[in-house]
Amino acid sequence: MIRLGVDVGGTNTDAVLIEGKNILATTKQATTDDIQTGIVNAITKVVKSSRIKMTNIDYCMIGTTQFTNAFVQRQELNSVAIIRLGLPAAAALPPLSGWQNELKDAFEHKTYMLQGGHHFDGKVNSDLNEMQLDEAIQDILLEGYPAVTICSIFSPINQDFELLVENKIKQVAPHIRLSLSHQIGRVGLMERENSAIMNASLACLADKVVNAFENSLSSLGVTAPLYITQNDGTLMSADAVRKYPVMTFASGPTNSMRGAAFLSGLKDAIVADIGGTTTDIGMLQDGFPRESSVHVDIGGVRTNFRMPDIIALGLGGGSIIDPLSNFSIGPQSVGYKLLQQGKSFGGTHLTTTDIAIKRNYIQITGSEPNNVSLTEQTLKKIENNIDALLVSGLDQIKTSSAEVPLILVGGGHCIIKNTPKGISKMISPKHAEVANAIGASIGQVAGEIEHFFEYQTQPREECIAQAKQMAIDKAIIAGAIASTVSILDIQEIPLSYVKGQATRIKVKATGQLF
Amino acid sequence: MIKLTPANLEDYARGAALLGAGGGGDPYIGRLLAEQAITQYGLPEIISVDELDDNATVISIAMIGAPTVLVEKACSGDDLDLLIKEMSRQLGKKVDALMPIEIGGVNSCLPIVAAVRTGLPLVNCDGMGRAFPCLEMVTFNVYGESISPVVMTDEHGNAVTINTASAKKAENFARSVLSEMGLSGMISCYPMKGSQLKKWAVKDTMTCALHIGEAIKEGRQQDNAVKTLVNRLNETQYYTNAQILVDGKVIDVFRETRDGFSFGHCVVEPFDGEENVTLTFQNEFIAAEKNGQYIATVPDIIAVIDRENAEPITAETLRFGQRVNVLAMDVPSVMRTEKALGVFGPQCFGLGCDYKRLTKVDQ
């Protein structure tokens, strides 16, 4: 079985072909403005060098940052109708509270605050008002909104109201794109609603991008089904991305980490993805990136997506070393102009890669190590500075003082040679430079649930067993082969300030797509 | 008198988060609510305690319950209006002004929402100068003022009144009412007369919160946030003896939940090679220990901040590897009398020690 993995980054479009555990071919091509050409170039290259036929590809996976970029740059956002089901609760906090005006002005929107919503335990807090609802839907149809957000209070616990409204709208207007908050975010009304609104505003772009992906593949004669990676490292179908483009946010670092796990065979380790300008450091737990426990701001909007817990450092292969400030490293970088501006290549900037070349950690055609003339003492100092910067990031991501392995990936990984403090062993596996495309090609799907239990009325073990089963069922619905599904993570969050041992249980199950 | 506007609410909320001493709930929702209310209804009128008529009726406004529920249900606004109306009915008097009961955390912002909705002035004071986990841990209770009547409301127009002589008992009743309200509700307690507030309120704490937040912002612009913050604290009338107990890295965090509270400890390893400092928390930070000796305890404020940008870090969000400064500072003097220590001194939190005031240090 042959998989094609593609990562569409801001600078490069990488592609890999993998058969089982064997990597058949890899390539790094420039990302093009139209996206499609870059993808076609990269796929043509790997298919050619591995000498297979386009029709031999069984699965095709793409990772992309286009939706994140579109939202952050406020481009190509469509108009959105926002339905909140919650009154009388949260009336003092209408949708879009806390959004910057420039962002609110970037897309047309109208808000409908209606009755509805549940309690933390899933009981109805306030009933739907059918008449109110019908009026709102009529108005939305009249105004011709292409996308609608539906968000009900405590919908991650009880989805009934959001589903009911979805049905109602589908019956009269099947063409309208619906974003249901419980399918996107977690407990935390504003953050979840924000995520759903973001998603709805990307509905038209989602069609365009997914079409571009599909056209690239069909123009090459690739017949394999297309999947797109989401922020937790699992896959979504192309159709799911049309519905939930927002789920692809931050899939880039996740793919690198998943790729690092695949290449190294390690499941619990720190991953440092060293690019040209920055290093993303994350923690692998059982083969998956550890999630962030804090809120994530995207384009100035607070969300509560499943996001990998990433520390970004201004350290990369192109980072400029400043001799005037004690040979400090970055954050300025020559970026993709390394091969012109780096000292070893006749440029004027001393970069971290120049040091690696001088030390003979890496050989690059066209480089001249003797362009760099520094004393041994200075070289040592620079290397210490690089190491100290890396260690500060490693420390922030570690969960305990115990030593853990470190996997180095990314185009700039050659700049690190010494095993840092607190690290048991350091690995830079073969193909580390295309770890993200490899990560994209790993076929895992997930099911995640979040539910409140009361341990006083139901024994804890029973509650956890019930929660696990709910997550497993959800993974199977997502396409996982039942026999491969296992529990990845269980979190119990007791509700402090409250008696009665009310506890929120979060469970995530994952399984193989193939 | 200070002005709270959409432009400085973030500073105010950040200052209040610091005074939350690691607890008090996530002030983000509070800030959003206040921002929204001010945009809709206009700026709050803020007055000082001394301006109050001795017979003026002032009531406190707060939310109570699980922070995880507050982030879904927030507040309806009507629940706050009802709270004021019902308290007025119980007292048989009209309400003249509102106040925060605790300046730390989310409850620093809720009274702003109520004030701008009703047009009632907001009194620049609170009942502790920080945040504490229980209803009885308030100066008014310490000095013999009654907590009753206590009014609780929810978004459905339900109002429950509790009348009891004991603040501790009121706390227990309130928790039971909460479970029927879906684990979050609005609460008003310790209705005060102007003359009582003049005696027992911790005055001008809203100003303190704003100034503390502004200091953090200014410090960030000059790249010395921590130092600017500590200096500003020492210039306030209450939070003197502000000092950095340790500059280091979090190397251990332990949490457990018992009896509706979050208990735990955290160890900070200093960068200068000195002894580790261990912090104990019960929702809020209650003690700091070094070499087996307490170096700071309740009721003094212990806070953890980011060592670079001085962002307050709550006990809930403490993580291994964070590079932090642990701050300790005086609590207002009315909060550390013998009577006060009997309600929220070290022994009330199960610490086996007597309260010792922080000593002045040159930093």
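Residues numbered from 1 in each chain as written. Chains lettered and ligands numbered in written order. Predicted model: local features only at pLDDT ≥ 70, side-chain atom pairs only at ≥ 80, totals over all residues. Heavy atoms only, no water.

Student: Describe the overall build of chain B, listing the residues and the values that go with them.
Tutor: The helix and strand tally for chain B stands at 11 helices and 18 strands. Relative to the 2.2 N^0.38 estimate, which gives 21 Å for 363 residues, the radius of gyration of chain B is 19 Å and therefore close to what a compact globule would have. Across its three principal directions, the C-alpha atoms of chain B cover 60 × 40 × 40 Å. Buried residues in chain B amount to 64% of all 363 residues. Counting only contacts in chain B whose residues sit at least 6 apart along the sequence, the fraction spanning at least 24 positions is 73%. Taken as a whole, chain B presents about 13,100 Å² of accessible surface, with 44% of it coming from carbon and sulfur. Averaging the positions of the 33 positive and the 47 negative side-chain charges in chain B gives two centres separated by 2 Å. (Helix = DSSP H or I, 4+ residues; strand = E, 2+ residues; numbered from the N terminus. Rg over C-alpha atoms; globule rule 2.2 N^0.38 Å. Buried < 20%, exposed > 50% of the residue type's maximum accessible area, 1.4 Å probe, protein only. Contact = heavy atoms within 4.5 Å. Areas by Shrake-Rupley, 256 points an atom, 1.4 Å probe, with all protein chains shown as cover. Lys, Arg positive; Asp, Glu negative; His and termini not counted. Charge placed at Lys NZ, Arg CZ, Asp CG, Glu CD.)

Student: So, the layout of surface pockets: which residues are in play, and what are the values?
Tutor: Residue and element names in this part refer to chain A. Quantified by volume, the second largest pocket comes out at close to 1,100 Å³. For the lining of the second largest pocket, the leading source of residues is strand β21 (residues 444-454), giving 7 residues. Residues of the lining of the second largest pocket, tallied by class, amount to 16 nonpolar, 10 polar and 9 charged. (1 Å grid on protein atoms, 1.4 Å probe; cavity = no way out; pocket = protein on both sides within 12 Å on 5 of 7 lines; lining within 4 Å. Points joined across faces, edges and corners; volume = space filled by probe spheres on them. Nonpolar A, V, L, I, M, F, W, Y, C, P; charged D, E, K, R; others polar.)

Student: An account of the sheet that holds strand β10 (residues 235-237) of chain A is requested, with residue identities and associated values reported.
Tutor: Residue and element names in this part refer to chain A. Within the open sheet, the 6 strands sit side by side as β3-β2-β1-β4-β9-β10. Their pairing is mixed. Taken across any chain shown, the strands that pair with only one partner, and hence form the sheet edges, are β3 (22-30) and β10. Ignoring which end each strand starts from, the neighbouring axes of this sheet average 25° apart. Note that strand β1 (residues 2-8) and strand β4 (residues 57-64) share 7 bridges and pair parallel. Counterpart to Val8 in the pairing with β4 is Thr64. (Pairing = 2+ DSSP bridges. Axes fitted to C-alpha atoms, helices over the stretch in contact; angles between N-to-C directions.)

Student: Before we move on, could you go through the domain arrangement of chain B and cite the residues and values that matter?
Tutor: Residue and element names in this part refer to chain B. With domains assigned, chain B is organised as domain 1 (9-203) and domain 2 (237-349). The gap between the C-alpha centroids of domain 1 and domain 2 is 25 Å. With 26 residues of domain 1 at the contact, the number on the domain 2 side is 32 residues. Each partner contributes to the roughly 2,300 Å² buried at the junction of domain 1 and domain 2, and carbon and sulfur atoms together form 68% of this total. One salt bridge connects Glu311 with Arg14, and the closest N-O pair in it is separated by 2.8 Å. Across the domain 1-domain 2 interface, the total number found is 10 residue pairs in polar contact (both at pLDDT 80 or more). Contributing elements (two or more residues each) for the side of domain 1 that touches domain 2: α1 (9-19), α6 (139-142) and β10 (202-203). Counting residues per element, the side of domain 1 that touches domain 2 draws most heavily on α1, at 4 residues. The class makeup of the residues in the side of domain 1 that touches domain 2 is 14 nonpolar, 8 polar and 4 charged. (Domains from an automatic or database assignment. Buried area = accessible area lost by both parts, 1.4 Å probe. Salt bridge = Lys/Arg side-chain N within 4 Å of Asp/Glu carboxyl O. Polar contact = N/O pair within 3.5 Å; in protein donor to acceptor, adjacent residues only side chain to side chain.)

Student: An account of the interface of chain B and chain A is needed here, citing residue identities and associated values.
Tutor: How big an interface is tends to be stated in terms of the accessible area lost upon association of its parts. At the junction of the two partners, chain B supplies 39 residues and chain A supplies 41 residues. If you sort the residues of chain B by the area they bury against chain A, Glu72, Arg319 and Phe320 of chain B come out on top, with a joint share of 21%. Linking chain B with chain A are 3 salt bridges, by the criterion used here. Measuring nitrogen to oxygen at the nearest pair gives 3.2 Å for the salt bridge that ties Lys249 of chain B to Asp395 of chain A.

Student: Residue-level account of the side chain of Glu193 of chain A, with values.
Tutor: Residues and elements named next belong to chain A. As for its placement among the helices and strands, Glu193 is situated in helix α6 (residues 189-201). Side chain to side chain, Glu193 and Arg84 meet in a polar contact 2.6 Å long. Not counting chain neighbours up to four residues away, the residues in contact with Glu193 comprise Arg84, Pro95, Leu96 and Cys151.

Student: Outline the sheet that holds strand β8 (residues 177-180) of chain A, supporting the account with residue identities and numerical values.
Tutor: All names here are of chain A. With parallel pairing, 4 strands are arranged side by side in an open sheet as β6-β5-β7-β8. Every interior strand has two partners, whereas the edge strands, β6 (109-115) and β8, have only one. The sheet shows a mean angle of 20° between the axes of neighbouring strands, taken without regard to direction. Relative to β6, strand β5 (residues 80-87) runs parallel, the two being bridged by 7 bridges. The residue of β6 that forms the bridge with Arg84 is Met113. Helix α5 (residues 160-172) contacts β5, β7 (147-152) and β8 of the sheet and is inclined by roughly 155° relative to β7.

Student: Residue-level account of the packing of aromatic side chains, with values.
Tutor: Counted according to the given criterion, the structure contains 11 aromatic pairs over all chains. When the centroid spacing of 6.0 Å and the interplanar angle of 55° are considered together, the rings of Trp99 of chain A and Phe107 of chain A count as tilted. Each member of the pair Trp99 of chain A and Phe107 of chain A is classed as buried. Their ring planes at 10° and their centres at 4.4 Å tell us that Tyr143 of chain B and Trp200 of chain B sit as a pair that is stacked. (Phe/Tyr/Trp six-rings, centres within 6.5 Å; stacked < 30°, edge-to-face > 60°.)

Student: Explain empty space enclosed by the protein residue by residue, including any values.
Tutor: All names here are of chain B. A full pass over the atoms with the stated rule returns 4 cavities of 30 Å³ or more. Estimates place the volume of the second largest cavity at around 50 Å³. Lining of the second largest cavity is provided by Lys73, Ala74, Cys75, Asp79, Thr153, Asp154, Glu155, Ser184, Gly185 and Met186. Considering each element in turn, the lining of the second largest cavity owes the most residues, 3 residues, to strand β8 (residues 184-188). For the lining of the second largest cavity, the residue count by class is 3 nonpolar, 3 polar and 4 charged.

Student: Break down the pattern of salt bridges for me, with residues and values.
Tutor: Summed over the entire model, instances satisfying the criterion amount to 41 salt bridges over all chains. Across the salt bridge formed by Asp207 of chain A and Arg177 of chain A, the nearest N and O atoms sit 2.7 Å from each other. One end of the pair, Asp207 of chain A, is in helix α7 (residues 203-220); the other, Arg177 of chain A, is in strand β8, with 30 residues separating them in the sequence. Judged by its relative accessible area of 25%, Asp207 of chain A falls in the partly exposed class. The residue Glu308 of chain B makes a salt bridge to Arg307 of chain B at a minimum N-O spacing of 3.8 Å. Looking at Glu308 of chain B, the relative accessible area reads 60%, which means it is exposed. Through salt bridges that share partners, Arg177, Asp207, Glu214, Asp239 and Arg242 of chain A make up one connected network.

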